[in-house]
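Here's the letter readout for the chains.
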Amino acid sequence: MKIETDCSVLKDIGVENPSHASWDTDVLIVGSGAAGLRAALAASASANVTLITKTTLKESNTFYAQGGIAVAMNVDDTVALHVRDTCTAGCGLCDIRAVETMVSEGIPRVGELLDWGANFDWEGTLPRFTQEAAHSRRRIVHKGDATGRETTDVLVQRVLNTERIRILPNAFAVDLLTDANAPSRHDKHTCYGVTAIVEDELVCIRAKATILATGGLGRIYPCTSNPQVATGDGFAAAWRAGCEMIDMEFVQFHPTTLYLEGAPNFLISEAVRGEGGQLLNIRGERFMEKYHEKGELAPRDVVSRAIQNEMRLTGFPCVYLDITHKPANFILERFPTISDTTKRYGLDIRVDLIPVRPGAHFMMGGIRTNTDTETNLQGLYAGGEVACTGVHGANRLASNSLLECLVYGARAGTNAAVYAASQAPFHPPDGQRFSTNIGTSPELSAVGTASPSTEAAKNAIRETLWKNVGIERSSEGLQQALAQLQKIGADLGIHPYLPLSLHTTDSAFCETVNMLNVALMITQSALARMESRGAHYRADFPEQDDTDWQCRVLLTGDNSPQVIEL
Ligand SMILES: Cc1cc2nc3c(=O)[nH]c(=O)nc-3n(C[C@H](O)[C@H](O)[C@H](O)COP(=O)(O)OP(=O)(O)OC[C@H]3O[C@@H](n4cnc5c(N)ncnc54)[C@H](O)[C@@H]3O)c2cc1C
């Protein structure tokens, strides 16, 4: 079966006219990254599955992952050591049970990926484990610097070979369908699917169980390693439907994205530093040892802030990464994707320094889930980057994210299928068109319509966040950001808590609203946390405060952020 950007794939699976159909399914999965694909495989063991995705099946953060997957499989490694490193990086906020689950179940999840044909790099009888920042052991399995592509290829192939999984590409999930009978958005709702834009039509996809696996939100910042699909849609739709959101202040900035005229913010993997790459400022000075005893292998937040500081001190818009002291053959073999990409822009990393600066990379927070991936909405599960089980705490350990996707993706799929099996059939059994199906919901009232200035609004959100809700924050800057974001919302004519579905089939407008929703969540949470911890750095509270702030910030919709104990 081919994977195309058009809906021809639907015809292969028997859906003749996607824009005039609506669907009923046992388990609906939104997103086709590692979490969504792995969830689909797990759920299809006992349920019929529909997987929808915003563009093509392979377009996701997962596809672009470079460095690898952290797993405690090496001979000198243990689950306890990997758990310890994860919790140290998380700066005291990790949920230990969630971490133990991820690390221990990660071993069989990576093992089965190998059994399914993942062609990772090998050394003798073991995968070739590499080192990354803040890991106490060499524990990263990888495929050169294209681990995400290899992982995606293996999972996609398996999904395509599974008859019970129906795939719908180019389907933009807009809002969650929730039980409109619940008296207010704070009462326990049941989720029974999503509304989605398919070929400019709004359709209703009803599901007994729904899994959100929509990935991250890097694109809400102007400088990011994330592809265009990462506009935070799942976080925003969940929030509008009344999901609890947690740890939203913790956005990880990757220290080294390519900074080269005409080139995209391509990620220069941590593994380059893991293999001995050195950071230099414009004066040619190595600087990381001034900032952290681990030098270039310090945690990401430390390296990102150090780079930003060097840029400030030297007045230059980037620093340089130097791997030229390594043998040329090693560089080409170990970093083929980075070499090829930079070469397209006239840079030969065997002999040239690589200009880099930090970019938004990963969201530690998200939809609050337990280790069974359940959210506070009945029938709604979440896995991967959009979810927050607490495995990353205030900062993610490098290469733990793909591991999280495999483990919690599989858990979401299994649990959603069990839940779906306990549910009664839909009435009426065939799905109806969206407008007649839920158009009477009292929750849906007027919101703005698509505006020609959508792109301008997106850019305004990005600039606001970069300036005041980025690597370094302060009360004054965050207050300014909040006011600016509220003004952008007012100009767009939207109410942040209302579903969008009835009012637009313009996915660009939906993305803009989603970006705004997410921007507000991050800003509110960042204002609430009056200390610095992990990826969240407040210039006005530069120290970590374990007396008052060893706790988590929870958002429950239009209420003020709540602080909850660990
Ligand atoms: C450049 C880069 C390098 C990385 N390197 C590593 C690494 O080496 N190791 C590691 O562990 N992690 C790495 N990460 C992080 C890791 O890749 C991601 O956190 C992880 O892949 C997220 O997987 P996911 O399945 O949760 O989401 P994604 O892989 O992002 O997939 C999300 C899916 O949801 C779809 N979607 C989004 N919105 C909608 C919508 N409205 N409707 C329908 N579908 C939607 C998207 O199209 C996509 O298919 C890297 C990330 C990037 C960007």
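Along each chain, the written sequence defines residue order, and numbers are assigned to residues from 1. A pLDDT threshold of at least 70 governs which residues receive local features in this predicted model, and a stricter bar of 80 or more applies before side-chain atom pairs are shown or counted, although totals over entire chains, interfaces and linings include all residues.

Quick notes on helix α16 (residues 475-492)
Secondary structure is summarised from DSSP: a helix means a run of H or I of at least four residues, a strand means a run of E of at least two, and numbering begins at the N terminus for each. Here the expected length of a helix is defined as 1.5 Å per residue gap, with one fewer gap than residues. Compared with the 26 Å implied by 1.5 Å per residue over 18 residues, the 26 Å span of α16 between its first and last C-alpha is a close match. The exposure label follows from counting other C-beta atoms within 10 Å of a residue's C-beta, where the C-beta atoms are placed from the backbone and the thresholds are 20 or more for buried and 12 or fewer for exposed, leaving partly exposed in between. Along α16, the positions that sit buried rather than exposed are G477, L478, A481, L485, I488, G489 and L492. The buried residues of α16 occupy one face: seen down the axis, they fall within an arc of 110°. With respect to the buried face of α16, the exposed residues turned more than 90 degrees away are E476, A483, K487 and A490. Note on contacts: residues are paired as contacts if their backbone-placed C-beta atoms lie within 7 Å. Each element contacted by the buried residues of α16 is listed here: α15 (454-468) and α17 (507-528). Once α16 finishes, G493 follows within two positions and takes phi at roughly 75°, a positive value. By arc we mean the arc of the directions from the helix axis to the C-beta atoms, nothing more.

So, the nonpolar core
To count as a nonpolar core, a set of buried Ala, Val, Leu, Ile, Met, Phe, Trp, Tyr and Cys residues must be joined through C-beta atoms within 7 Å. Judged by nonpolar contacts, the single largest core of 164 residues is most densely connected at V27, A196 and I211. A domain assignment, automatic or from a database, supplies the domain bounds used here. Looking at this core, you find at least three residues from each of domain 1 (260-358) and domain 2 (438-565). Not counting residues up to four positions away in its chain, the partners in contact with I211 are V27, I29, V30, A39, Y381, A382, G383, A412, G413 and A416.

Topic: the sheet that holds strand β19 (residues 551-555)
Strand order in the open sheet formed by five strands is β18-β16-β11-β19-β20, with mixed pairing between adjacent strands. Among the strands making up the open sheet, the edge pair consists of β18 (387-388) and β20 (562-565). Following DSSP output, two strands are said to pair if at least two bridges run between them. With two bridges joining them, strand β11 (residues 245-246) and β19 adopt antiparallel strand pairing. Bridge assignment links I246 to a residue of β19, and that residue is L554.

Points about the pairing of strand β7 (residues 165-168)
Regular strands have side chains that alternate between both faces of the sheet. Where burial is concerned, the two faces of β7 agree: the one with I165 and I167 and the one with R166 and L168 are both buried. Sheet topology note: the strand β2 (residues 49-52)/β7 ladder contains four bridges and is parallel. Its bridge partner being in β7, L51 is matched across the sheet by I167.

Considering the sheet that holds strand β14 (residues 319-322)
Strand order in the open sheet made by the four strands is β12-β15-β14-β13, with antiparallel pairing throughout. The open sheet has two edge strands, β12 (251-258) and β13 (278-280), and neither has a second partner. Neighbour to neighbour, the strand axes of the sheet diverge by 45° on average, direction disregarded. Sheet analysis places β14 next to strand β15 (residues 354-363), joined by three bridges and oriented antiparallel. Within β15, the position partnered with L321 by the bridge is I354. Here the axes come from fitting lines to C-alpha atoms, over the contacting stretch only for helices, and the angles between their N-to-C directions go from 0 to 180 degrees.

A closer look at the site of the ligand
Around the ligand sit 45 residues in total, of which G31, G33, N61, G215 and G384 are the nearest. Elements represented by at least two residues in the shell around the ligand include exactly α2 (34-43), α3 (61-64), α6 (147-160), β8 (171-178), α7 (233-240) and α13 (400-421). Among the elements that line the shell around the ligand, the one with the most residues is α13, at four residues. Polar here means any residue outside two lists: the nonpolar Ala, Val, Leu, Ile, Met, Phe, Trp, Tyr, Cys and Pro, and the charged Asp, Glu, Lys and Arg; Gly therefore counts as polar. Of the residues contributing to the shell around the ligand, the split by class is 17 nonpolar, 24 polar and four charged. Nearness rests on one distance test: the residue's C-beta atom, set from the backbone, must lie within 6 Å of the molecule or strand.

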